[in-house]
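Inside the fold
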Amino acid sequence: MGAVGPDYGFGLYIHWPFCARICPYCDFNVYAAKDRDTAPLIAAMIDDLIAHKVRLSAHPPVDSVFFGGGTPSLLSEAEIGQLLKAVNDTFGIRSGAEITLEANPNDVLRSAPESWKAAGINRLSLGLQSLQDEALLFLGRDHDSHAARHALAATQKVFDNHSVDLIYARPGQSLEEWDTELNRVLALGAPHLSLYELTIEERTAFGKRAARGELHPMADDDQADLYELTQSLCEAADLPAYEVSNHARAPQYESRHNHIYWASGDWIGIGPGAHGRLTIENTRIATEAARRPAGYQANTRPSETPLSQIDTAREFLAMALRPVSGLDLKRFEQLFGAPAEREALEDLAANEWAFVEDDRLKLTVSGRLVADHIAALLTP
Ligand code: SF4
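Residues numbered from 1 in each chain as written. Predicted model: local features only at pLDDT ≥ 70, side-chain atom pairs only at ≥ 80, totals over all residues.

This part covers the domain arrangement of the protein chain. Domains assigned within the protein chain are domain 1 (6-260) and domain 2 (308-380). Using C-alpha coordinates to define each centre, domain 1 is positioned 27 Å away from domain 2. Counting only elements with at least two residues in the side of domain 1 that touches domain 2, the list comes to helix 9 (220-236) and strand 9 (241-243). At four residues, the largest contribution of residues to the side of domain 1 that touches domain 2 is made by helix 9. For the side of domain 1 that touches domain 2, a count of residues per class yields five nonpolar, one polar and two charged. (Domains from an automatic or database assignment. Helix = DSSP H or I, 4+ residues; strand = E, 2+ residues; numbered from the N terminus. Nonpolar A, V, L, I, M, F, W, Y, C, P; charged D, E, K, R; others polar.)

Given below as structure tokens:
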């Protein structure tokens, strides 16, 4: 296979599946935190890491560890330390590796960010979601705009490398409202923003409300207008997009962990429902752990699906189109066994969706809006 695997980065994703409360739009594998004894889950995760190490004895130390969820900021400093020690004792952590914790504002205010830094975290990703109380209420978040601002200020005192998540394209949100809100966030000076359009998934509380006609998702054209506005405001604020939904002030603030996904590197997923991609003896393997915490604790061994060459190539294509640095056309040829069709590339250029530069296919802003369609057009 050669064109995918740990040469393109090797990461570890740790899924902490508990949340203080479940947001109505959330489609992740999450459970109410309640008063759980978390020790068995931590022990299971460590067993899972050890088993992965036995399987992947030739893999290098990890370039990135990402605590995601769920709400991993519910983990104690000691638990984070325990997990990072296990990573060090198994695969090892490369010097200068990125170690990210996703955090909710209330947890930042409750437990000092210094303690996370002392445990080994060097990048904090803060789930602000909005700076408007009305929007936070609509999104079912358990923090208000005051807490959001305070949490960001507390984060900025400790972590130079930090990111803010926002959700836009909410029902009824106007261009003017988003313009004001995004400018307010940009003024707060975070060096990285992840800006996601609200998607309403069928099996969520929002999905059920939409099915009953009580909630009306924003029309695609309006979403596209908001996306274009987002690009121009971020560009003007020196926070250009480096990927469809991600913006950074400088390359050192880009998410190295996500770059592993976009580059079709390898990553281990541990924790309930976590997904991974492993390249073993030239075969790409998709892994998925048991979804329910009790099931995972009983058996951490993930299910494994070997991916065919064409599925590997398709996945590479879908991911590689996302970063602004573009799709490496040589890797495309290596994986698909044929170069990208000249006619398809010319059509993309004629539509102003993409252009070729230095043997890479790069999407324009309007191309980013139809990235999935472009992937389909390029698939031989
Ligand atoms: S806090 Fe995040 S992971 Fe938890 S329910 Fe809300 S959106 Fe989902």
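Let's pick the thread back up.
Another aspect to go through is the site of the ligand. Within the structure, the ligand sits among C19, I22, C23, C26, F28, V30, G69, G70, T71 and N104. Considering only residue class, the shell around the ligand consists of six nonpolar, four polar and no charged. (Near = placed C-beta within 6 Å.)

The next point concerns the pairing of strand 17 (residues 360-363). The side-chain alternation of strand 17 yields one buried face, formed by L361 and L363, and one unburied face, formed by R360 and K362. Sheet topology places strand 16 (residues 354-357) next to strand 17; four bridges connect them, and they run antiparallel. From the neighbouring strand, F355 faces strand 17, where its bridge partner is K362. (Buried ≥ 20, exposed ≤ 12 C-beta atoms within 10 Å, placed from the backbone. Pairing = 2+ DSSP bridges.)

A word on helix 1 (residues 39-55). Over its 17 residues, helix 1 runs 25 Å from end to end, which matches the ideal 24 Å to within 8%, given 1.5 Å per residue. When we look at burial in helix 1, the residues that qualify are L41, I42, A44, M45, D48, L49 and H52. Down the axis of helix 1, the buried side of the element spans an arc of 160°, and every buried residue falls inside it. Every exposed residue of helix 1 that faces more than 90 degrees away from the buried side is listed here: A39 and V54. (Expected span 1.5 Å × (residues − 1). Arc of directions from axis to C-beta.)

Take the environment of A375 next. As for its placement among the helices and strands, A375 is situated in helix 16 (residues 371-378). Judged by C-beta crowding, with 19 C-beta atoms within 10 Å, A375 ranks as partly exposed. Contact partners of A375, with chain neighbours within four places excluded, come to L317, A318 and L321. (Contact = placed C-beta atoms within 7 Å.)

On to the pairing of strand 13 (residues 283-288), then. As paired elements, strand 12 (residues 275-280) and strand 13 share six bridges and run antiparallel to each other. Across the sheet, residue G276 finds its bridge partner in strand 13, namely T287. Relative to strand 14 (residues 303-307), strand 13 runs antiparallel, the two being bridged by five bridges. Across the sheet, residue R284 finds its bridge partner in strand 14, namely L307.

Moving on: the packing of helix 1 against helix 2 (residues 77-90). Between helix 1 and helix 2, the least distance of the axes is 10 Å, while the angle of their chain directions is 15°. As far as their axial angle goes, helix 2 and helix 1 are roughly parallel. Crossing of helix 1 against helix 2: the hand is right-handed. The residues of helix 2 that touch helix 1, namely those facing I42, M45, I46, L49, I50 and K53, are E79, Q82, L83, A86, V87 and T90. (Axes fitted to C-alpha atoms, helices over the stretch in contact; angles between N-to-C directions. Parallel < 35°, antiparallel > 145°, perpendicular 65-115°, else oblique. Left-handed = near helix turned anticlockwise from the far one by under 90°.)

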